[in-house]
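Given next are the chains, with one letter for each unit.
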Amino acid sequence: MLTSSEQQETNKQIYRTWMKPICLPSNATLLDLYVQVDDEIIPDQPLFQYKLKNIPIRDPLTNISKLGEKTGVYLASIYKNLKSNTLCKSKIISILPDYTNINDSSTNKEVNVTEMELTLPLEMKRENTIILLIEYIDENVKESITKDNFEPQSNEYTLI
């Protein structure tokens, strides 16, 4: 016979859940962060502002490319289940989870975000530094566990 706590655990619904990292390249600087851990996100929500350095920029008048800088804002994308026509829930799980080799441009020293408060702007010193880790939950698919390397398929999900 099951105890009441075991019965509650047995009745607990588990939904398909997966993580997606949002990265910046080594030629980028994180200028501003618009979200916090546990924030739920919606489509086209601004997540952070960044600057890319040493990228080819074409002069519209001369049609000649030269290296320059470009600033942008990274907007959130949410997965949509195509079979159920519903959006997955999504939230910020971690900010700079592998923050070990990033240079604080104001002091020109490496910093660790787990030991100190985040100071912006931050230059990325490593290729594909994870800025945010986003968790997606599809409440229309019940599973006992989602594989760690789960990748949504285009015939089942689309990003909006």
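Positions within a chain are numbered from 1, following the residues in the order the chain's sequence is written. Reporting of local features is limited, given that this is a predicted model, to residues whose pLDDT is at least 70; pairs of side-chain atoms are given and counted only at 80 or more, and all residues count toward the totals for whole chains, interfaces and linings. Side-chain descriptors were evaluated using all non-hydrogen atoms of the structure, hydrogens and water having been removed beforehand.

1. Some points on the side chain of S94
Formally: The helix count covers DSSP runs of H or I at least four residues long, the strand count covers runs of E at least two residues long, and both are numbered beginning at the N terminus. Type-normalised accessible area, obtained with a 1.4 Å probe on protein chains alone, sets the label of each residue: buried when under 20%, exposed when over 50%, and partly exposed for intermediate values. In what follows, residue pairs with any heavy atoms lying within 4.5 Å of each other are defined as contacts.
Here S94 lies in strand β7 (residues 89-95). Under the relative-accessibility criterion, S94 is labelled buried at 17%. Setting aside chain neighbours within four positions, we find S94 in contact with V37, I131, L132 and L133.

2. What about the sheet that holds strand β6 (residues 86-87)?
Defined as follows: One requirement defines pairing of two strands: DSSP has to find at least two bridges between them.
What the three strands build is an open sheet, ordered β6-β5-β12; its pairing is antiparallel. What marks the edges here is a single partner per strand, and that holds for β6 and β12 (157-159). Strand direction decides the pairing type here: strand β5 (residues 79-81) and β12, joined by three bridges, are antiparallel. Bridging from a neighbouring strand, Y79 pairs with L159 of β12.

3. Topic: unusual backbone geometry
In this chain, L120 is followed by P121 through a cis amide linkage whose omega measures 5°. Mapped onto the elements, P121 comes out in the loop between β9 (109-111) and β10 (122-124). The phi angle at D38 is positive, at roughly 80°, despite the residue not being glycine. The residue D38 is located in the loop between β2 (28-33) and β3 (46-58) in this model. When its relative accessible area of 52% is taken as the criterion, D38 is described as exposed.

4. Comments concerning the environment of K125
The criterion, for reference: Throughout this description, a polar contact denotes any pair of N or O atoms lying within 3.5 Å of each other; where both atoms belong to protein, one of them has to be capable of donating a hydrogen while the other can accept it, and for residues adjacent in sequence the pair is counted only when both atoms sit in side chains.
Here K125 lies in the loop between β10 and β11 (129-142). For K125, a relative accessible area of 42% gives the class partly exposed. Separated by 3.4 Å, the side chains of K125 and E123 make a polar contact.

5. Notes on the packing of aromatic side chains
Note the threshold: Note on aromatic pairs: the rings of Phe, Tyr and Trp (six-membered ring only in Trp) are paired at centre separations within 6.5 Å, and the planes decide the class, stacked below 30 degrees, edge-to-face beyond 60, tilted for the rest.
Scanning the entire structure with this criterion turns up nine aromatic pairs. A centroid spacing of 5.8 Å and a plane angle of 25° characterise the contact between W18 and Y136, whose relative ring orientation is stacked. Of this pair, W18 sits in strand β1 (residues 15-24) while Y136 sits in strand β11, placing them 118 residues apart in sequence. In this structure, W18 and Y136 share a single accessibility class: buried.

6. Some thoughts on the nonpolar core
Quick note on the threshold: Only buried residues count toward a nonpolar core. Its members are Ala, Val, Leu, Ile, Met, Phe, Trp, Tyr and Cys residues joined through side-chain atoms within 4.5 Å.
Core analysis: the biggest nonpolar cluster contains 29 residues, and I41, L47, F48, I131 and L132 have the highest contact counts within it. Elements supplying a minimum of two residues to this core: β1, β2, β3, β7, β10 and β11. Excluding anything up to four places from it in sequence, L47 contacts L33, Y34, V35, I41, Y74, L75, A76, L132 and I134.

7. Notes on the pattern of salt bridges
Note the cut-off: Each salt bridge in this description consists of a side-chain nitrogen of Lys or Arg and a carboxyl oxygen of Asp or Glu lying within 4 Å of one another.
For the structure on display, the rule yields seven salt bridges. D38 is paired through a salt bridge with K91; the nearest N and O atoms lie 4.0 Å apart. One end of the pair, D38, is in the loop between β2 and β3; the other, K91, is in strand β7, with 53 residues separating them in the sequence. Across the pair E123 and K53 runs a salt bridge whose closest N-O atoms are separated by 3.5 Å. Remark: K53 occurs in strand β3 and E123 occurs in strand β10; sequence separation between them is 70 residues. When salt bridges with common partners are traced through the structure, they connect R16, E143 and E156 into a single cluster.

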